Amino acid sequence: MGKMYYEKDCDINYLNGKKIAIIGYGSQGHAHAMNLKDSGCDVCVGLRAGSKNWAAAEKAGLKVMTVADAAKWGDVVMILINDEVQAEVYKRDIEPNLEEGNALAFAHGFNIRYQQIVPPKGVDVFMAAPKGPGHTVRSQYVAGKGVPCLVAVEQNATGNAYKTALAYIAGIGGARAGVLETTFHDETETDLFGEQAVLCGGVVDLMRCGFEVLVEAGYSPENAYFECIHEMKLIIDLVNKGGVAMMNYSVSDTAEYGEYVSGPRVIPHEETKARMRAVLSDIQDGTFAGKWIAENKNGRTFFNSKRLQLAKHQMEEVGAELRKNMLWGDDADPDTASN
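Residues numbered from 1 in each chain as written. Predicted model: local features only at pLDDT ≥ 70, side-chain atom pairs only at ≥ 80, totals over all residues. Heavy atoms only, no water.

(A) How the structure looks around the packing of helix 11 (residues 232-250) against helix 12 (residues 253-266). Interaxial distance between helix 11 and helix 12 falls to 7 Å at its minimum, and their mutual angle equals 125°. When the interaxial angle is binned, helix 11 and helix 12 end up oblique. Between helix 11 and helix 12, the residues in contact are V244, M247 and N248 and E256, E259 and Y260, respectively. Across the contact of helix 11 with helix 12, the residue classes tally to three nonpolar, one polar and two charged. (Axes fitted to C-alpha atoms, helices over the stretch in contact; angles between N-to-C directions. Helix = DSSP H or I, 4+ residues; strand = E, 2+ residues; numbered from the N terminus. Parallel < 35°, antiparallel > 145°, perpendicular 65-115°, else oblique. Contact = heavy atoms within 4.5 Å. Nonpolar A, V, L, I, M, F, W, Y, C, P; charged D, E, K, R; others polar.)

(B) Representation of the pairing of strand 6 (residues 103-106). With burial as the criterion, each face of strand 6 is covered, one bearing A103 and A105 and the other bearing L104 and F106. Summarising the sheet, strand 5 (residues 76-79) and strand 6 pair through four bridges and their orientation is parallel. From the neighbouring strand, V77 faces strand 6, where its bridge partner is L104. Read from strand 5 through helix 4 (residues 83-94) to strand 6, the crossover connection turns out right-handed. With four bridges connecting them, strand 6 and strand 7 (residues 124-130) associate as parallel partners. (Buried < 20%, exposed > 50% of the residue type's maximum accessible area, 1.4 Å probe, protein only. Pairing = 2+ DSSP bridges. Right-handed = clockwise from strand over helix to strand, strands pointing away.)

(C) How the structure looks around the sheet that holds strand 7. Taken together, the nine strands give an open sheet; going across it, the order is 1-9-8-7-6-5-2-3-4, and neighbouring strands pair in mixed fashion. Unpaired on one side and paired on the other, strand 1 (4-5) and strand 4 (63-66) mark the two borders of the sheet. Direction of pairing for strand 3 (residues 42-47) relative to strand 4: parallel, over a ladder of four bridges. In the strand pairing of strand 4, V45 is matched with V64.

(D) Spatial organisation of the packing of aromatic side chains. In the structure shown here, the tally under the stated rule is five aromatic pairs. Arranged with centres 6.1 Å apart and planes meeting at 80°, the rings of F106 and F184 form a pair that is edge-to-face. Taken together, the positions of F106 in strand 6 and F184 in helix 8 (residues 184-199) put the pair 78 residues apart, joining distant regions of the chain. Classification of F106 by relative accessible area gives buried; the value is 0%. (Phe/Tyr/Trp six-rings, centres within 6.5 Å; stacked < 30°, edge-to-face > 60°.)

Function-wise, these values are silent; they only describe arrangement.
Set out below in structure tokens:
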């Protein structure tokens, strides 16, 4: 059982007098920066000169500097830019500006786990990883709640890395929901596995297969979209709220019976687990990381062709038409969608 921390275990006052530089102003960057600012912390946002987000961050009342200046200014430097660009930005703009006693922070362990970033010995290295997208981290904070977080310390140079990390998580609202202690190693491997085998890889392929089978059998694509894709959220929301038991309680007994007889036919248990173990093995031994790093060095030809292929899939085209009449206002924007 992992160790859990709550608000009583986190002293946000430990950040008093500490300057926090948030590198990046995407989904997570904007949420961390705004939440910390509203918690009374001394925050700035580090962006590359000419970034389209510069004006947006200033408009939100935040101090904005170049990445190099922000890294120099900050006592805690939180890197919230994409995994694949972190190493380059770190080497160029952050590493030369780190001082002994600073803290380097991450929300995902990829670059530390696969040694794309190797921090100097004198700095603390910690992780504060909300288990939810940035817009949720922000909206939950504003509502007086929080998103559960993971905390990990890779390097405790000052002896106070945990105090800083837990104070930081309290500042973004995570302590209200609970903080699970983990390691960079475990967070990276479980996160990548979850995305690939279940959340993104597994779910998308399951929906796509269901959609294709119905359409190929002569049913209307709109019908297939509603049954195999649109309703996925309704089911997952119930699981999220009260486990599989609540979901089964809420659907019909016919649906529950179908789950028991047909689920294992579609996802043969032992065979699927064996394939998932192969995915996990590629993550553990660095095969996946190597492929993704190489893909980014080679102009992302595979990635881009797959993205294009998906955009042209009938389930995406039909879904886009149907959603025009189903979504209101900000719901269509993933960064502002209501929860």
